[in-house]
Amino acid sequence: MKGKMNTDMGEIVIDKDVIAKYAGTATTDCIGIVGMAVVNVKDGVTKLLKRENADRGVSVSVSEDNHVKIELHVIVAYGVSIRAVAQNVLESVRYKVEEYTGLTVDKINVIVDGVRIVDED
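All values reported here derive from a predicted model rather than from experimental measurement. (Residues numbered from 1 in each chain as written. Predicted model: local features only at pLDDT ≥ 70, side-chain atom pairs only at ≥ 80, totals over all residues. Heavy atoms only, no water.)

## Here's the deal with the overall build of the protein
Line of reasoning, step 1. Helix and strand counts for the protein stand at two helices and seven strands.
Line of reasoning, step 2. The order of helices and strands in the protein, counted from the N terminus, is β-β-α-β-β-β-β-α-β.
Line of reasoning, step 3. Counted over contacts in the protein with a minimum sequence separation of 6, partners at least 24 positions apart contribute 63%.
Line of reasoning, step 4. A total of about 7600 Å² of accessible surface is found on the protein, and carbon and sulfur atoms cover 48% of it. (Helix = DSSP H or I, 4+ residues; strand = E, 2+ residues; numbered from the N terminus. Contact = heavy atoms within 4.5 Å. Areas by Shrake-Rupley, 256 points an atom, 1.4 Å probe, with all protein chains shown as cover.)

Here it is, written out as structure tokens:
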């Protein structure tokens, strides 16, 4: 379902892909996140997505009353506190999605699919 809002001038409809793009971009902007992940179901192999494909690591559902649930698949940097990074992601994604869309985010699940060593050159 798409997010819908009624205004005095008409109806605003927000596609789930737009919400996923905002959520994916907000996630990749967080410190400690290497990138979004997608799991190949056939092989069970996790693949790191490029920033422009960040929305592929996001699953969004919108209820009848315009409440949003988001699932994020991420790869974190080695040596960071996963809990701290996940908390930062939760707060950042909730704020940005609610601010930009006007919809209420009910639930965000952060699934850590991998850890990568980040080269600091």
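Moving on, there is more to tell.
## A look at helix H1 (residues 16–28)
Line of reasoning, step 1. Along its 13 residues, H1 runs 18 Å from first to last C-alpha, staying within 8% of the 18 Å computed at 1.5 Å per residue.
Line of reasoning, step 2. Of the positions making up H1, those classed as buried are Ile-19, Ala-20, Ala-23, Gly-24, Ala-26, Thr-27 and Thr-28.
Line of reasoning, step 3. Capping of H1 at its N-terminal end is provided by Asp-15; its side-chain oxygen lies 2.8 Å from the backbone amide nitrogen of Asp-17. (Expected span 1.5 Å × (residues − 1). Buried < 20%, exposed > 50% of the residue type's maximum accessible area, 1.4 Å probe, protein only. Polar contact = N/O pair within 3.5 Å; in protein donor to acceptor, adjacent residues only side chain to side chain.)

## Observations regarding the pairing of strand S5 (residues 58–62)
Line of reasoning, step 1. Side chains of S5 alternate between two faces, with Val-58, Val-60 and Val-62 buried and Ser-59 and Ser-61 left unburied.
Line of reasoning, step 2. Sheet topology note: the S5/strand S6 (residues 67–77) ladder contains five bridges and is antiparallel. Counterpart to Val-60 in the pairing with S6 is Ile-70.
Line of reasoning, step 3. Counted between consecutive antiparallel strands, the loop separating S5 from S6 contains four residues, among which Asn-66 sits at a positive phi close to 65°. (Pairing = 2+ DSSP bridges.)

## Here we look at a nonpolar patch on the surface
Line of reasoning, step 1. On the surface, Tyr-78, Ile-82, Val-112, Val-115 and Ile-117 cluster together into a nonpolar patch covering about 510 Å² of accessible area.
Line of reasoning, step 2. Along the chain, Val-115 falls in strand S7 (residues 104–116).
Line of reasoning, step 3. By relative accessible area, which is 46% here, Val-115 ends up partly exposed. (Patch = residues over 30% accessible without salt bridge, like charges linked within 9 Å, V, L, I, M, F, W, Y side chains within 5 Å. Salt bridge = Lys/Arg side-chain N within 4 Å of Asp/Glu carboxyl O.)

## Comments concerning the pairing of S6
Line of reasoning, step 1. Summarising the sheet, S6 and S7 pair through eleven bridges and their orientation is parallel. Bridged to Ile-75 within S7 is Gly-114.
Line of reasoning, step 2. Crossover handedness for the path S6 to helix H2 (residues 82–101) to S7: right-handed. (Right-handed = clockwise from strand over helix to strand, strands pointing away.)

Any functional reading would require information that these geometric values do not contain.
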